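Chain and residue survey
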Amino acid sequence: MSGRRPFLALALAETLSLSGTRLSGVAIPWLVLSTTGSPVLTGLVAMMEMLPYVVAKALGGPLIDRLGARRIAIVCDAASVVAVGLVPFLHLFGLLTMPLLLPIVFAMGVLRGPSDAAKQSMVPDIADLASVPLERVTGVVGAIERLASTAGAAGAGALIALAGPGQALVVNAFTFAAAAMTVAAGIPALPRAPAAGPAGISAYGRELAEGWRFLRGDAVLVAIVLMVATTNLLDQAFAAVLLPVWTQASGNGPALLGIMFAAFSGASIAGAMLAAVIGERLPRLAVYTVAFLLAGFPRFLVFAVDSPLVLIFATLAIGGFASGFLNPILSAVLFERIPKPLTGRVTSLNAALCWALLPFGGLVGGVLIDALGLSAALFLTGLAYLIATLSPLAHQGFRGFEKKKRADNLLSS
């Protein structure tokens, strides 16, 4: 099978899966906010999905290395169809309550974590099959992520307005089903390192610990985790609670919320596509730092001071374009530094640690609004974002960002 077909299949599966995830990320918080009126409950539901997402992603690495990323992606996407489909089914018959919604979103998080990690761990092998530079593949994947976010966010706003937040999730279930079928039909069984020993709980623990030791010992990866974990916390507070509350308080509906998400994500597609074309020639650290500065604090500030919509959309467009450069750089740095036998567990641990604070973002946003008011909460989270994005200028770990040969060798015990 040529390298082109698996690459296109991964691209399509990522588009379907991520657009569905983005749709549910808008629809479920809006469902809770519109039915309860509580920012805290909205943040709690977001936490109940993201906390198991992070834990499952962290613990799923050895399974990906042993069973194969393709198999994990197919199984988890197929099971997600059932979990997500329960929400519109129960809502249709008036049976959806908070005690039922919480375990459903918990199950959604458990399934999405390993699925996303599995797709990410396929990237180096897909790049090898396609015989293209890693930066180009990560750039294309980054553009796909942004495209999926744009389509999911815009679609979410329109679907919620037309059918309501509960029934909009029917489309979400279909996207996961299509993603599972695309991976099954378009991606072959990819090569993986031989198992280091027999299966079992003790072997699983040893493999997980091996991935942890490698990650902990790499100063560059540690620096990335610390910075991205902090900004993800603040991004989640913004997306799950602060922006929906601002939208509702300003007298607008879910359509505007979806359009604003789409404006940011849509502009980021252009950034990610440009990164795919010229990324391998750019100074990584300088681009990374400037991109984070443009994508962070200004976005919070324009909402904190109730800026006109024209200025808001201009700021979202600039920040979105800059953010398109981030994931291609981060992914290329990550894959270059990880030996092939550890790809699944280290990428899973890295992603999980980067997302470790994210489950609490919605809750933090809700608590800050209740305690300080919306404008103060937006300004405070934006200021914290600015401080975090200045860290590459001070943390020595970021000095190892520049290109190196990928570590494909086996590790000695």
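As the structure is a prediction and not an experimental result, all values here were calculated from the model. Residue positions are given per chain, counting from 1 as you read along its sequence in written order. Two thresholds apply to this predicted model, a pLDDT of at least 70 for residue-level local features and 80 or more for giving and counting side-chain atom pairs, whereas whole-chain, interface and lining totals are computed over all residues. Side-chain metrics in this entry use all non-hydrogen atoms of the structure; hydrogen atoms and water are not considered.

This part takes up the overall build of the chain. Per the convention used, a helix needs a DSSP run of H or I reaching at least four residues, while a strand needs a run of E reaching at least two, with both numbered from the N terminus. Each helix and strand counted, the chain has 18 helices and zero strands in total. Residue burial is assigned from relative accessible area. The probe radius is 1.4 Å, only protein chains are included, and a residue is buried under 20% of its type maximum, exposed over 50%, and partly exposed in between. Every one of the 413 residues in the chain was classed for burial, and the buried ones make up 56%.

For the rest of this paragraph, the subject is the nonpolar core. With 89 residues, the main nonpolar core has Leu242, Leu243, Trp246, Met260, Tyr288, Phe303 and Leu378 as its most contacted residues. Counting residues per element, this core draws most heavily on helix 10 (residues 219-249), at 17 residues. Contact criterion: two residues are considered in contact whenever any of their non-hydrogen atoms come within 4.5 Å of each other. Those residues in contact with Leu243 that sit more than four places away from it in its chain are Phe238, Leu257, Met260, Phe261 and Phe303. Here, the term nonpolar core denotes a set of buried Ala, Val, Leu, Ile, Met, Phe, Trp, Tyr and Cys residues that are joined through side-chain atoms within 4.5 Å. Grouped together as the second largest cluster of nonpolar side chains are 22 residues, Ala73, Ala117, Ala118 and Leu190 included.

On to helix 15 (residues 326-337). In a regular helix each residue adds 1.5 Å, so twelve residues correspond to 16 Å; helix 15 covers 17 Å between its end C-alpha atoms and thus fits that length. With eleven of twelve residues buried, helix 15 lies mostly within the body of the structure. Those residues of helix 15 that sit buried are Leu326, Pro328, Ile329, Leu330, Ser331, Ala332, Val333, Leu334, Phe335, Glu336 and Arg337. To estimate how far a helix should reach, multiply one less than its number of residues by 1.5 Å.

Looking now at the packing of helix 10 against helix 17 (residues 361-372). It is the contact of helix 10 with helix 17, at a shortest axis distance of 7 Å, that shows an interaxial angle of 50 degrees. Judged by the angle between their axes, helix 10 and helix 17 are oblique. In the crossing of helix 10 with helix 17, the sense of the turn from one axis to the other is right-handed. Contacts between helix 10 and helix 17 pair Leu233, Gln236, Ala237, Ala240, Val241, Leu242 and Val245 from the former with Gly361, Gly362, Val364, Gly365, Gly366 and Ile369 from the latter. Here, axes are lines fitted to C-alpha atoms. For helices the fit covers the stretch in contact, and angles between N-to-C directions go from 0 to 180 degrees. What sets the label is the angle itself: under 35 degrees gives roughly parallel, over 145 gives roughly antiparallel, 65 to 115 gives roughly perpendicular, and the rest give oblique. Put simply, a crossing is left-handed when the front helix is turned counterclockwise from the back one by less than a right angle, and right-handed when it is turned clockwise.

A few words on the side chain of Thr247. Mapped onto the secondary structure, Thr247 falls in helix 10. Judged by relative accessible area, which is 0%, Thr247 ranks as buried. From its side chain, Thr247 meets the backbone oxygen of Leu243 in a polar contact 2.8 Å long. Contacts of Thr247, omitting those with residues within four sequence positions, involve Asn252, Gly253, Leu257 and Met260. What qualifies as a polar contact is a pair of N or O atoms within 3.5 Å, subject to a donor-acceptor requirement within protein and to the restriction that residues adjacent in sequence count only when both atoms come from side chains.

Each residue carries a pLDDT score, the predictor's confidence in it, ranging from 0 to 100. Of the residues in the chain, 88% reach a pLDDT of 70 or more, and the chain-wide mean stands at 82. Ignoring residues within four places in sequence, the model shows residues 409-413, a span with pLDDT below 50, making seven contacts including any to other chains.

What follows covers a nonpolar patch on the surface. On the surface, a nonpolar cluster with roughly 700 Å² of combined accessible area is contributed by Val82, Leu86, Phe89, Leu92, Phe93, Leu95 and Leu100. If one sorts the elements of the nonpolar patch by residue count, helix 4 (residues 69-92) sits on top with four residues. Here Leu86 is to be found in helix 4. Patch building starts from residues that exceed 30% relative accessible area and form no salt bridge, then joins like charges within 9 Å and nonpolar side chains (Val, Leu, Ile, Met, Phe, Trp, Tyr) within 5 Å. Here the accessible surface of atoms and residues is derived via Shrake-Rupley with a 1.4 Å probe, and residues count as covered only by protein chains that are part of the display. What counts as a salt bridge is simple: a side-chain nitrogen of Lys or Arg found within 4 Å of a carboxyl oxygen of Asp or Glu.

The terminal C-alpha atoms of helix 4 lie 35 Å apart, and with 24 residues this matches the ideal 34 Å at 1.5 Å per residue to within 8%. Taking the largest bend as the criterion, helix 4 deviates by roughly 25 degrees, centred on Leu86, and proline Pro88 comes between one and four positions later. Taken together, the buried positions of helix 4 are Ala69, Ile72, Ala73, Ile74, Cys76, Asp77, Ser80, Ala83, Val84, Val87, Pro88 and Leu90. Taken together, the buried residues of helix 4 touch helix 1 (4-36), helix 3 (61-67), helix 5 (98-121) and helix 8 (165-186). Looking one or two places after helix 4, you find Gly94, whose phi comes out positive at around 70 degrees. What is called the bend at a residue is the angle between a pair of axes, fitted to the seven residues leading up to and ending at it and to the seven starting from it.

So, about the side chain of Asn350. Here Asn350 shows up in helix 16 (residues 343-354). Asn350 gets classed as buried once you look at its relative accessible area, which sits at 7%. When near neighbours in sequence (up to four residues on either side) are disregarded, Asn350 contacts Leu215, Leu221, Val225 and Leu334.

Further remarks concern unusual backbone geometry. The backbone phi angle of Asp306 is positive, close to 55 degrees, even though this residue is not glycine. When you line up the elements, Asp306 lands in the loop between helix 13 (297-304) and helix 14 (309-323).

Glancing now at the packing of aromatic side chains. Two aromatic rings from Phe, Tyr or Trp, using only the six-membered ring of Trp, form a pair when their centres are within 6.5 Å; if the ring planes differ by under 30 degrees the pair is stacked, by over 60 it is edge-to-face, and anything between is tilted. Taken as a whole, this structure holds nine aromatic pairs when the rule is applied. Taken together, the aromatic side chains of Phe238, Trp246, Tyr288, Phe292, Phe300, Phe303 and Tyr385 make up a single cluster linked through ring pairs. Geometrically, a charge over a ring is one whose NZ (Lys) or CZ (Arg) sits within 6 Å of the ring centre while staying within 35 degrees of the ring normal. Between the NZ or CZ atom of Arg299 and the centre of the ring of Phe238, over which it lies, the distance is 5.0 Å. Above the plane of the ring of Tyr385 lies Arg299, whose end atom (NZ or CZ) is 5.5 Å from the centre.

Below, the discussion takes up the environment of Ala9. One can find Ala9 in helix 1. The class for Ala9 is buried, based on a relative accessible area of 8%. A C-alpha to C-alpha distance of 6.0 Å links Ala9 and Thr182, two positions 173 residues apart in sequence.

Under the counting rule described, the total for this entry stands at five salt bridges. Between Arg112 and Asp77 there is a salt bridge whose closest N-O contact spans 2.8 Å. Here Asp77 lies in helix 4 and Arg112 lies in helix 5, a separation of 35 residues in the sequence. The exposure classification of Arg112 matches that of Asp77, with both residues buried. A salt bridge links Arg299 to Asp235, with the nearest nitrogen and oxygen atoms 2.8 Å apart. On the criterion of sequence distance, the pair formed by Arg299 in helix 13 and Asp235 in helix 10 is long-range, its members being 64 residues apart. Residue Asp235 is classed as partly exposed on the basis of its relative accessible area of 23%. Connected through salt bridges with shared partners, the residues Asp77, Arg112, Asp116 and Lys119 form a single ionic network.

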